[in-house]
Amino acid sequence: MKDGNGTRRNARIVKVFSLALLGLVAASLLLVHGSTYEPAVSYVLLYLAVSVGVTAVVAVVMLPAEQFTAGFSAGAYMLYAVVVALMIFFSGGASSELYLLVFPLVLAAALHGSWTVGITALLSTLFFYSLAMLPGLLQSGTESDAVSVLYRLAMLGLTGLFALFAARRGPAAVSEASGEAYITDEDGSMLLEQVERELSARRGVQVAVVLVDPGLEPE
C-alpha cells in the first residue's frame, strides 16, 4: 500500500544520507586537523558532538523500514541538524569551514518530496545554525562577520526552498499525488473487489473483463 512504500522510500533516503554524513564527518575531522585550518577548535567538545552523530547514524541505519514515517524522518533530520550545528560551533563558530555540511542536510530532506520533512529539516537547520553563530557574533561584534553569516543563511534558505519546489514537481511527487503508483495488489484481492463493484453497478448489462498478468520482477 501507499504507506508501506512511503516508509520504505523514506528509510532508503535517510539511511543513505546517514552513511554519506558519516563520510562527510570523517572528512571534516581530517580538515580540522590539517595545518591549513585556521579557526580555533575545541577538540574534546568537537569529538563529543561527533560521537553523538555517529551513534545516531548507527541507530538509524539499524532501524526497520516501517519506522521511517514522515514524522520520524523529520525528527532524524532535526537531530542531524543539531549535531552539525555543534560541530560548526566547536570548530570555530562563525569562522568555521564546516558550514558546508548544512547543504547536504537540506538537499537530502527535499528528496522525500514531503513538505513536512523538507520544511522541518530546513527550519531546524537554519535555527540551530543561527544559534551556533550567535556567540561568535556577539563576541566579535564586527559587521563583516554578521554579513557573512546572513549571506550563508540566505543561501541555505534559498537552496532548501528551491530543492523542495523542484522535488515536489518531480516524478516522485507526481506518483505520490496520484496515489495509484503506490498501491500494490500481491494477492489479487483488490482487483477482485473492483470487479465485483463494477458487476454490481451494471446488473443486467454485459460486461467484459480483460485480465493481464505482467508477471513478477525477477529477484
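Residues numbered from 1 in each chain as written. Predicted model: local features only at pLDDT ≥ 70, side-chain atom pairs only at ≥ 80, totals over all residues. Heavy atoms only, no water.

Enquirer: Please set out the overall build of the protein residue by residue, giving values where relevant.
Expert: Across its full length, the protein carries eight helices and zero strands. For the protein, the sequential pattern of α-helices and β-strands runs α-α-α-α-α-α-α-α. Residues counted as buried form 35% of the 219 residues belonging to the protein. Considering only intrachain contacts with a sequence separation of at least 6, the fraction spanning at least 24 residues in the protein is 76%. (Helix = DSSP H or I, 4+ residues; strand = E, 2+ residues; numbered from the N terminus. Buried < 20%, exposed > 50% of the residue type's maximum accessible area, 1.4 Å probe, protein only. Contact = heavy atoms within 4.5 Å.)

Enquirer: Provide a residue-level description of the environment of Ala-109, including the pertinent values.
Expert: Along the chain, Ala-109 turns up in helix H4 (residues 102–110). Expressed as a C-alpha distance, the spacing of Ala-109 and Asn-10, which sit 99 residues apart in the sequence, is 9.5 Å. In contact with Ala-109, other than residues within four places in its own chain, are Tyr-77, Val-117, Gly-118 and Ala-121.

Enquirer: Before we move on, can you summarise the packing of helix H2 (residues 43–62) against helix H3 (residues 70–90) with the specific residues and values?
Expert: H3 packs onto H2 with a crossing angle of 160° between their chain directions and a minimal axis gap of 9 Å. Compared by their axis directions, H2 and H3 come out roughly antiparallel. For H2 against H3, the interelement crossing comes out left-handed. Residues Leu-45, Leu-46, Ala-49, Val-50, Val-52, Gly-53, Ala-56, Val-57 and Val-60 of H2 form the contact with H3, whose own contacting residues are Leu-79, Tyr-80, Val-83, Leu-86, Met-87 and Phe-90. Looking at the contact of H2 with H3, its residues break down into 14 nonpolar, one polar and no charged. (Axes fitted to C-alpha atoms, helices over the stretch in contact; angles between N-to-C directions. Parallel < 35°, antiparallel > 145°, perpendicular 65-115°, else oblique. Left-handed = near helix turned anticlockwise from the far one by under 90°. Nonpolar A, V, L, I, M, F, W, Y, C, P; charged D, E, K, R; others polar.)

Enquirer: Go over the packing of aromatic side chains, please, and point to the residues and values.
Expert: Evaluated as defined, the whole model comprises six aromatic pairs. Ring geometry for Phe-89 versus Phe-90: centroids 5.2 Å apart, planes at 65°, classification edge-to-face. The exposure class assigned to Phe-90 is buried, which follows from its relative accessible area of 15%. Ring pairing ties together the aromatic residues Phe-17, Tyr-77 and Tyr-80, which thus form one cluster. The aromatic ring of Tyr-99 is capped on one face by Arg-152, whose charged end is 3.8 Å from the ring centroid. (Phe/Tyr/Trp six-rings, centres within 6.5 Å; stacked < 30°, edge-to-face > 60°. Lys NZ or Arg CZ within 6 Å of the ring centre and 35° of its normal.)

Enquirer: A description of empty space enclosed by the protein should follow, citing residues and the corresponding values.
Expert: The method is simple in principle: a probe with the dimensions of a water molecule rolls over the atoms, and the space it marks as empty is what remains. Following the criterion strictly, the structure yields one cavity of 30 Å³ or more and no others. Estimated volume of the largest cavity: approximately 60 Å³. Taken together, Leu-21, Leu-22, Val-25, Ala-49, Val-50, Gly-53, Val-54, Val-57, Val-83 and Met-87 make up the full set of residues lining the largest cavity. Those elements that provide at least two residues to the lining of the largest cavity are helix H1 (2–32), H2 and H3. Per-element tally for the lining of the largest cavity: the top contributor is H2, with five residues. Looking at the lining of the largest cavity, its residues break down into nine nonpolar, one polar and no charged. (1 Å grid on protein atoms, 1.4 Å probe; cavity = no way out; pocket = protein on both sides within 12 Å on 5 of 7 lines; lining within 4 Å. Points joined across faces, edges and corners; volume = space filled by probe spheres on them.)

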